[in-house]
Amino acid sequence: MIAYQDLKRVTSRHQEELQAAVRQVIDSGRYLQGQAVERFENHYADYIGTRHCVSCASGLDALTLILRAYKETGILREGDEVIVPANTYIASILSITENLLKPILVEPSLLTYEIDDTKIEEAITERTRAVMIVHLYGRNSFTPKIAEICRRHHLKLIEDNAQAHGCEFEGRKTGSLGDAAAHSFYPAKNLGALGDAGAVTTDDDELSSAIRALGNYGSNKKYIFPYKGRNSRMDEIQAAVLDVKLRYLDDDNQNRREIAEFYLRNISNPLVHNPLPGKRDNVWHIFPARCEHRDELQEYLRRQGIETMIHYPVPPHRQECYKELGILRLPITEKIHREEISIPVYPCLDRQEYTYIAEKINEFET
Ligand SMILES: *Cc1c(COP(=O)(O)O)cnc(C)c1O
């Protein structure tokens with residue numbers, strides 16, 4: 001069976017370096033708020049190109065802390081509206097409702113799967129205070145038009161960069177294009193830890209300091225609590241692991257690009273629609289093909305020994321927890337959820353494997 005993503009294979013390439021890095025943490029006797037976290041935060045801020053990187057416990061926490069910090073600093077108030085793509089992973093939307101803000105779902109473009117920037121302006125009301133864009137599947141979703149709309153309407157632009165570490169728009173990294181960005185280092189992401197971890201990147205000094213306090217019980221100074229905070233920190237072991245893996249991120253992304261480009265050149269089955277290529281603006285976290293006979297295709301590939309995934313089977317507005325959004329009609333989002341099938345595209349997949357995958361997809365018929 002060709003696994004959708006074999007993390008053991010991905011990790012074992014750096015076995016010795018990872019073991020040395022983890023051993024150093026173990027021997028240091030310091031497991032939280034130490035040098036490994038500080039080092040990774042500095043390296044990651046440099047990599048993304050922002051003044052600050054504040055690490056935290058997960059990608060969902062990174063998103064939630066950004067919005068919470070905007071509330072604490074008076075920029076957002078309970079009930080304010082945040083525009084977000086309807087076809088995102090549910091975590092983007094959870095961070096909004098967790099903060100008692102209102103998610104306003106906007107349809108994506110069927111060509112790019114990213115938020116349709118021609119539909120943002122009509123979603124703006126007098127309660128709108130922010131736009132959250134999601135660089136879904138590893139592809140940049142920022143456009144100059146979105147930045148212009150945010151400037152004109154005085155909206156904060158937040159990036160969910162959980163799926164796009166290393167992705168670029170005109171030479172700048174996603175995660176540095178808006179006012180603040182959330183990153184997830186969930187093990188299966190392009191830059192993955194060996195457990196949960198996340199971070200916020202921003203150039204905003206006040207926001208960065210509020211987020212750092214909020215993730216540390218609300219305190220920036222021992223036993224002084226300006227905020228009612230929470231505990232959301234990246235531990236030293238994950239930081240040491242991420243610092244090693246960050247060195248290989250660009251190579252891994254290049255590897256993903258080569259596999260994706262092979263699929264784009266070689267998958268020619270008219271029943272299967274491939275995503276648009278993109279150039280440097282795609283780090284292929286996911287290769288999201290579409291097929292009207294998606295479930296049949298998935299079952300057929302399973303019989304051929306190829307594991308695939310679906311990102312995602314049920315859109316957020318159709319979930320039980322978001323009954324209040326269930327009245328929305330979002331035909332493009334629903335079509336994507338009905339037809340999407342993710343083809344293996346992780347680094348380490350060898351040429352023989354991805355050649356076989358493309359061949360089998362081409363042989364699929366109904
Ligand atoms: C993975 C993911 C998150 C959540 O990150 P965690 O670290 O798993 O909490 C948020 N948004 C998107 C788009 C994601 O893919």
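Refer to the structure printed above.
Summarised in this report is the structure supplied together with it. Throughout this description, residue numbers start from 1 for each chain and increase along the sequence as written. The model is predicted, so local features are restricted to residues of pLDDT at least 70 and side-chain atom pairs to those at 80 or more, both for listing and for counting; the totals for chains, interfaces and linings are taken over all residues. With hydrogens and water stripped out, all remaining heavy atoms of the structure feed into the side-chain values.

## Regarding the overall build of the protein chain
- In terms of helices and strands, the protein chain carries 12 helices and 12 strands.
- Here the globule rule is a power law, 2.2 Å times the number of residues to the power 0.38, and the radius of gyration is based on C-alpha atoms. The C-alpha radius of gyration of the protein chain comes to 21 Å, within 12% of the 21 Å expected for a compact globule of 366 residues.
- Principal-axis analysis of the C-alpha atoms places the extent of the protein chain at approximately 65 × 55 × 40 Å.
- Partly exposed residues are those whose accessible area sits between 20% and 50% of the maximum for their type, while under 20% is buried and over 50% is exposed, using a 1.4 Å probe and protein chains only. For the protein chain, the proportion of its 366 residues judged to be buried stands at 56%. Labels follow the DSSP assignment, with helices taken as runs of H or I lasting at least four residues and strands as runs of E lasting at least two, numbered in each case from the N terminus.

## Topic: the layout of surface pockets
- Space inside the largest pocket adds up to approximately 630 Å³.
- Considering the residues around the largest pocket, the lining is formed by 32 residues, among which Tyr89, Gln163, Tyr186, Lys189 and Tyr312 are closest to the centre.
- Of all the elements in the fold, those that place two or more residues in the lining of the largest pocket are helix H4 (59–72), helix H5 (90–98) and strand E8 (180–184).
- Among the residues forming the lining of the largest pocket, the class breakdown is 18 nonpolar, 10 polar and 4 charged. Both site types are read off a 1 Å grid over the protein atoms alone. A 1.4 Å probe that fits but cannot get out defines a cavity, while an open set with protein on both sides within 12 Å along at least five of seven lines defines a pocket; lining residues have an atom within 4 Å of a point. Grid points are joined across faces, edges and corners, and a volume is the space filled by probe spheres set on the points. All amino acids are sorted into three groups, where Ala, Val, Leu, Ile, Met, Phe, Trp, Tyr, Cys and Pro are nonpolar, Asp, Glu, Lys and Arg are charged, and the leftover types, Gly among them, are polar.

## A short note on the nonpolar core
- Within this scheme, the nonpolar core is defined by two criteria: the residues are buried Ala, Val, Leu, Ile, Met, Phe, Trp, Tyr or Cys, and they are joined through side-chain atoms within 4.5 Å. If you look at the biggest cluster of nonpolar residues, it comprises 33 residues, and the most contacted ones within it are Ile66, Met132 and Ile211.
- Counting residues per element, this core draws most heavily on H4, which supplies 7 residues.
- Contacts were defined at the residue level, with two residues in contact if any of their heavy atoms lie within 4.5 Å. Beyond its immediate stretch of four places on either side in the chain, Ile66 contacts Ile158, Ala180, Ala181, Ala182, Val200, Leu207 and Ile211.
- In this structure, Tyr263, Leu297, Leu301 and Val345 belong to the second largest nonpolar core, which totals 27 residues.

## Here we look at the sheet that holds strand E1 (residues 52–56)
- Here the rule is simple: two strands pair whenever DSSP picks up at least two bridges between them. Taken in spatial order, the 7 strands of this open sheet run E1-E9-E8-E5-E4-E2-E3, and their pairing is mixed. Every other strand in the sheet has two partners, leaving E1 and strand E3 (102–106) as the edge strands with one partner each. Going from strand to strand, the sheet's axes swing by 20° on average, the running direction of each strand aside.
- As judged from the 5 bridges shared by strand E4 (residues 128–134) and strand E5 (residues 156–160), these two strands associate in the parallel manner. To obtain each axis, a line is fitted to C-alpha atoms, and for helices this fit is confined to the stretch in contact; angles are then taken between N-to-C directions over 0 to 180 degrees.

## Considerations on the pairing of E1
- Counting buried positions over the 5 residues of E1 gives 4, a clear majority of the element.
- As defined by bridge partners, E1 adjoins strand E9 (residues 198–202) across 5 bridges and the pair is classed as antiparallel. Of the residues in E9, the one forming a bridge with Ser55 is Ala199.

## So, the packing of aromatic side chains
- Whether two aromatic rings pair depends on their centres lying within 6.5 Å, for rings of Phe, Tyr and Trp, where Trp uses its six-membered ring; planes under 30 degrees apart make the pair stacked, over 60 edge-to-face, and the rest tilted. Scanning the model with the defined rule gives 11 aromatic pairs in all.
- Taken together, a centroid distance of 5.3 Å and an interplanar angle of 85° make the contact between Tyr44 and Phe185 edge-to-face. Residue Tyr44 is found in helix H3 (residues 35–48), and its partner Phe185 is found in the loop between E8 and E9; the two are separated by 141 residues along the sequence.
- A relative accessible area of 0% means that Phe185 is categorised as buried.
- Here Tyr89 and Tyr312 contribute two aromatic rings whose centre-to-centre distance is 5.2 Å and whose plane-to-plane angle is 35°, an arrangement assigned as tilted. With Tyr89 in the loop between strand E2 (81–85) and H5 and Tyr312 in the loop between helix H10 (294–303) and helix H11 (331–339), the pair connects residues that are 223 residues apart, well separated along the chain.
- The partly exposed category is assigned to Tyr89, whose relative accessible area is 42%.
- Residue Tyr312 is classed as buried on the basis of its relative accessible area, which comes to 15%.
- Three or more aromatic residues link up through ring pairs in this structure, and these residues are Phe40, Tyr44, Tyr47 and Phe185.

## Focus on the pattern of salt bridges
- By convention in these notes, a salt bridge is any Lys or Arg side-chain nitrogen within 4 Å of a carboxyl oxygen on Asp or Glu. For the structure shown, the criterion picks out 22 salt bridges.
- The partner of Arg212 in a salt bridge is Glu41, and the shortest N-O contact between them spans 3.0 Å. Note that Arg212 is positioned in helix H7 (residues 205–214) and Glu41 in helix H3, a separation of 171 residues in sequence.
- According to the relative accessible area criterion, Glu41 is buried, its value standing at 8%.
- Note that Lys335 is salt-bridged to Glu339, the shortest N-O span being 2.9 Å. With Lys335 and Glu339 both in helix H11 and 4 residues apart, the pair spans about one turn of that helix.

## Structural notes on the packing of H4 against H5
- One can describe the packing of H4 onto H5 by two numbers: an axis separation of 9 Å at closest approach and a directional angle of 35°. With respect to the hand of their crossing, H4 and H5 are arranged in right-handed fashion. Residues Leu60, Leu63, Thr64 and Leu67 of H4 form the contact with H5, whose participating residues are Ala91, Ser92, Leu94, Ser95, Ile96 and Glu98.
- The residue inventory of the contact of H4 with H5, partitioned by class, reads 6 nonpolar, 3 polar and 1 charged. Here a crossing is called left-handed whenever its near helix is offset anticlockwise from the far helix by less than a right angle, and right-handed whenever the offset is clockwise.

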